[in-house]
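# An overview of the molecular structure
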Amino acid sequence: MNVRKRTDVNCEAIFVLCGLLLISNLSQLAACPFCPGPSTTLSEQLAQADVALLGQWSNSAAGTFQKTGRTSFVITEVLQQPLKSNLKAGNLITLSRHYAGKPGELFLLTGTRGISLHWNEPIAVTSASIHYLKQAPAQKAETTARLRYFLKYLEHPDQIIANDAFAEFANAPFETVTPLAEELPREKLRSWLENENTPVPRLGLYGLLLGLCGQESDSQFMEAKIRIPAQEIRMGIGGLMSGYLLLTGSVGLDKIDETKFKDKTAAFSETFAGMQALSFMWTFGEDKIEKRRLNRSMRILLERPELADLVIANLARWEDWTVMERLVELYAAEDYDVRSVKKAIIRYLLLASLVPPTKAGGNDVETSRKAKQFLELLRLTDPQTIQSAERFFHPPR
């Protein structure tokens, strides 16, 4: 019986979720690929605003079918405004929408000017978070220098500050984080990873950062966490695996091969996280693990039918043409009899057929020739799938 067809509903849900995560992460690989999607930080909101005020919630009225709701704030401080504006402390600002609050509760109000002033959603703030925001480096400052400031506020007791500092790191390109390796709070990072109260969305980043600054004892700690048997999705485990690989290199990858890739009892989500870590290391860890070694681990995952289409796409992107004949065998295999897998194999062959003949008579010529032969065979045996795959195939330029 087909492996995919006997997959239960829960596994299908995991597959869909992981697929969405992969698409999201690949689209923002420059930022932390193991963090939630990019969020607009306080500094960004301030930089994008034409008007920025601090206001105390005064009163509000809920909307009805006849009229919109409203909320009034008393301005306590004007942070920025256009030259011709005359907003000042003590003025009353009324927004045409109902926002819940308590008298005296502090909010950051930002707006942009078009034909009229458009107010954004008010943000509840604290005195501490406003001081933090005022001291933050400007958006135009060099990113690593900015991150050095926000590093001090990770896991700050004020959750507004902690969330924002995390978002600054989550949004930053990884190459701007690596120069801070020697300044990272190694012991704090480890304690946050151990603490059950650490917000789960932050674990991937903290695992990655510990990989940049960790020691031998940290690699043992990370390995123990990775080895924990898990059937449910563990948010952040991909970041922990990537940090572990940054710290241990190919020796650590050997252990992930055994526990997450070769072990067929490993949960799909755990194996998927390991595949994410391979992709991360391919982009950012060449000085730690050779690419041909990463290829070897990715090829192991071809034996997981439920991951095959994603694995094949990665191998094609990595220009690993050594599995071409194996893929043609899998095309007719019962466990791989899934349209998405077949299309992935066809796209792999289409890319292989375009390998330019830079080495006269060399392996690249043979790669292109064999791919074209296999494609011609599939045009005879499965013309509909070939046509469908070719219709949406856009070769890289």
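Note that this is a predicted model, so its numbers are computed, not measured.

## Topic: the pattern of salt bridges
- A complete count under the given rule lists 26 salt bridges for this structure.
- A salt bridge links D218 to R190; the nearest nitrogen and oxygen atoms lie 3.1 Å apart. On the criterion of sequence distance, the pair formed by D218 in helix α9 (residues 216-227) and R190 in helix α7 (residues 186-194) is long-range, its members being 28 residues apart.
- Between D337 and K342 there is a salt bridge, with its nearest N and O atoms 3.9 Å apart.
- Look at D337 and you get partly exposed, because its relative accessible area is 40%.
- Overlapping salt bridges bring together R186, E187, R190, E194 and D218 as one network.

## Brief notes about the packing of aromatic side chains
- Here the structure, examined in full by the defined rule, presents 14 aromatic pairs.
- Measuring from ring centre to ring centre gives 5.9 Å for Y132 and F150, while their planes differ by 65°; the resulting arrangement is edge-to-face. With a gap of 18 residues between them, Y132 in helix α3 (residues 127-135) and F150 in helix α4 (residues 143-151) connect regions that are remote in the sequence. Here Y132 matches F150 in class, with each residue buried.
- These aromatic residues form a ring-pair network of at least three members: F34, F174, F280 and F284.
- The cationic tip of K342 hangs over the ring face of Y331; the distance from NZ or CZ to the ring centre is 4.0 Å.

## Looking at the state of the cysteines
- Under the defined criterion, the tally for this structure stands at 1 disulfide.
- Here C32 engages in a disulfide with C35; their sulfurs sit 2.3 Å apart. Between C32 and C35 the sulfur-sulfur dihedral comes to about 80°; the bridge is accordingly right-handed. For the pair formed by C32 and C35, the shared burial category is buried.

## So, the domain arrangement of the chain
- Domain parsing of the chain yields domain 1 (42-133), domain 2 (184-303) and domain 3 (306-396).
- Relative to domain 3, the C-alpha centre of domain 2 lies at a distance of 30 Å.
- Carbon and sulfur atoms make up 69% of the area that domain 2 and domain 3 hide from each other, which totals about 1,400 Å².
- The interface formed by domain 2 and domain 3 contains 2 salt bridges.
- Inspection of the region where domain 2 meets domain 3 yields 4 residue pairs in polar contact (both at pLDDT 80 or more).
- Of all the elements in the fold, those that place two or more residues in the side of domain 2 that touches domain 3 are α12 (268-284) and α13 (291-300).
- Among the elements that line the side of domain 2 that touches domain 3, the one with the most residues is α12, at 7 residues.
- Split into classes, the residues belonging to the side of domain 2 that touches domain 3 amount to 9 nonpolar, 3 polar and 2 charged.

## Brief notes about unusual backbone geometry
- In the Ramachandran plot, E155 falls in the positive-phi region, its phi being about 60° despite a non-glycine side chain.
- Residue E155 is classed as partly exposed on the basis of its relative accessible area of 22%.
- One non-glycine residue, E319, lies in the positive phi region at around 55°.
- Note that E319 resides in the loop between α14 (308-317) and α15 (324-331).

Conventions we followed
Residues numbered from 1 in each chain as written. Predicted model: local features only at pLDDT ≥ 70, side-chain atom pairs only at ≥ 80, totals over all residues. Heavy atoms only, no water. Salt bridge = Lys/Arg side-chain N within 4 Å of Asp/Glu carboxyl O. Helix = DSSP H or I, 4+ residues; strand = E, 2+ residues; numbered from the N terminus. Buried < 20%, exposed > 50% of the residue type's maximum accessible area, 1.4 Å probe, protein only. Phe/Tyr/Trp six-rings, centres within 6.5 Å; stacked < 30°, edge-to-face > 60°. Lys NZ or Arg CZ within 6 Å of the ring centre and 35° of its normal. Disulfide = S-S within 2.5 Å. Domains from an automatic or database assignment. Buried area = accessible area lost by both parts, 1.4 Å probe. Polar contact = N/O pair within 3.5 Å; in protein donor to acceptor, adjacent residues only side chain to side chain. Nonpolar A, V, L, I, M, F, W, Y, C, P; charged D, E, K, R; others polar.

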